[in-house]
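# Overview (structure and organization)
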Amino acid sequence: MKIEYLNSVRKQFEYYKSLGERTFEQLNEKDLFWNYNEESNSIAITVNHLWGNMKSRWTNFLTTDGEKEWRNRDSEFESEIKSEVELISKWNDAWNCLFEALASINKENFDTKVYIRNQEHSIIEAINRQLAHYSYHIGQIAYIGKMIKGSEWKSLTIPKGRSTEFNQEKFSKGKHKGHFSDDIG
């Protein structure tokens, strides 16, 4: 069950990573820095925050507190990223850190207690906390992309008005294994 959970959650993280990347692909560099108003975050700012959070939470995941002393969370919400190249670099750096940490978890260390701001978490609790956090922000990224592209937006999941067609195709395959995202996109 432990390994099955890790495999499942890895697929979930890969899915959300792909949603972000498929959003980036639809936008030009200028769009990545657009924000609705002074109080809202651009995609670049959201990526910067995800980068800071992921680097803090997943660096030495099993041995050090997830809120690292070197993290400056407040600066994550400033316009630090200046180009699409820098955005993609931070995005990939963050996800690599996460996936390396997940790969370090095994049956022998699965019951290790980890801490975030001195609060104890099981590995499942810590992973679920971050999965929910990242999906929240990636939803924001996709929503910003959809606002920018308007009618030119290409759906990241099941296109509007095509649920029946999608379901018919899924049910035509009969019962099978796989991740729900295998047929989306």
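Above this text is the structure in question.
We now turn to the structure provided with this report.

Cut-offs applied
- Every residue gets a number counted from 1 within its own chain, in the order that chain's sequence is written.
- Given that this is a predicted model, residues contribute local features only at a pLDDT of at least 70 and side-chain atom pairs are listed and counted only at 80 or more, while totals for whole chains, interfaces and linings are drawn from all residues.
- Only heavy atoms go into the side-chain values, all of them from the structure, while hydrogens and water stay out.
- Patches in this entry comprise residues that are over 30% relatively accessible and not in a salt bridge; like charges within 9 Å are linked, as are nonpolar side chains (Val, Leu, Ile, Met, Phe, Trp, Tyr) within 5 Å.
- Accessibility throughout is a Shrake-Rupley quantity obtained with a 1.4 Å probe, and a residue counts as covered only by protein chains that appear here.
- One speaks of a salt bridge when a side-chain nitrogen belonging to Lys or Arg is within 4 Å of a carboxyl oxygen belonging to Asp or Glu.
- Here a helix means four or more residues in a row that DSSP labels H or I, a strand means two or more in a row labelled E, and each is numbered from the N terminus.
- With a 1.4 Å probe rolled over the protein chains alone, any residue whose accessible area is under 20% of its type maximum counts as buried; one over 50% counts as exposed, and the rest are partly exposed.
- Centres within 6.5 Å make a pair out of two Phe, Tyr or Trp rings, where for Trp the six-membered ring is used; the pair is then stacked when the planes are under 30 degrees apart, edge-to-face when over 60, and tilted otherwise.
- For each structure, a 1 Å grid was placed over the protein atoms alone; sets of points admitting a 1.4 Å probe that cannot get out are labelled cavities, open sets with protein on both sides within 12 Å along at least five of seven lines are labelled pockets, and lining residues have an atom within 4 Å of a point.
- Grid points are joined across faces, edges and corners, and a volume is the space filled by probe spheres set on the points.
- Three categories are distinguished: nonpolar for Ala, Val, Leu, Ile, Met, Phe, Trp, Tyr, Cys and Pro, charged for Asp, Glu, Lys and Arg, and polar for the others, with Gly belonging to the last.

### Re a nonpolar patch on the surface
On the surface, Trp34, Tyr36, Tyr143 and Met147 cluster together into a nonpolar patch covering about 480 Å² of accessible area. Within the element layout of this structure, Met147 appears in helix α4 (residues 123-149).

### Here's the deal with the pattern of salt bridges
Think of it this way: side chains of opposite charge can pair up when their charged atoms draw near. All told, the structure shown has ten salt bridges when counted by the stated rule. For Lys55, the salt bridge is made with Asp93, and the minimal N-O distance between the two is 3.3 Å. Here the residue Lys55 occupies a position in helix α2 (residues 43-58), and Asp93 occupies one in helix α3 (residues 84-103), the gap between them amounting to 38 residues. With a relative accessible area of 31%, Asp93 lands in the partly exposed category. Among the charged side chains, a salt-bridge network with shared partners connects Arg57, Glu67, Arg71, Glu76 and Arg117.

### Side note on the packing of aromatic side chains
For the structure shown, the criterion picks out eleven aromatic pairs. Aromatic pair Phe13 and Trp95: ring centres 6.3 Å apart, planes at 65°, arrangement edge-to-face. Taken as a pair, Phe13 in helix α1 (residues 2-25) and Trp95 in helix α3 lie far apart in primary sequence, 82 residues in all. With relative accessibility at 0%, the residue Trp95 sits in the buried group.

### Here we look at empty space enclosed by the protein
Enumeration according to the criterion identifies one cavity of 30 Å³ or more in this entry. Forming the boundary of the largest cavity are Arg57, Trp58, Phe61, Gly66, Val114, Tyr115, Ile116, Ala126 and Gln130. Breaking the lining of the largest cavity down by element, the ones donating at least two residues are α2, β1 (114-116) and α4. Among the elements that take part in the lining of the largest cavity, β1 stands out by supplying three residues, more than any other. Split into classes, the residues belonging to the lining of the largest cavity amount to six nonpolar, two polar and one charged.

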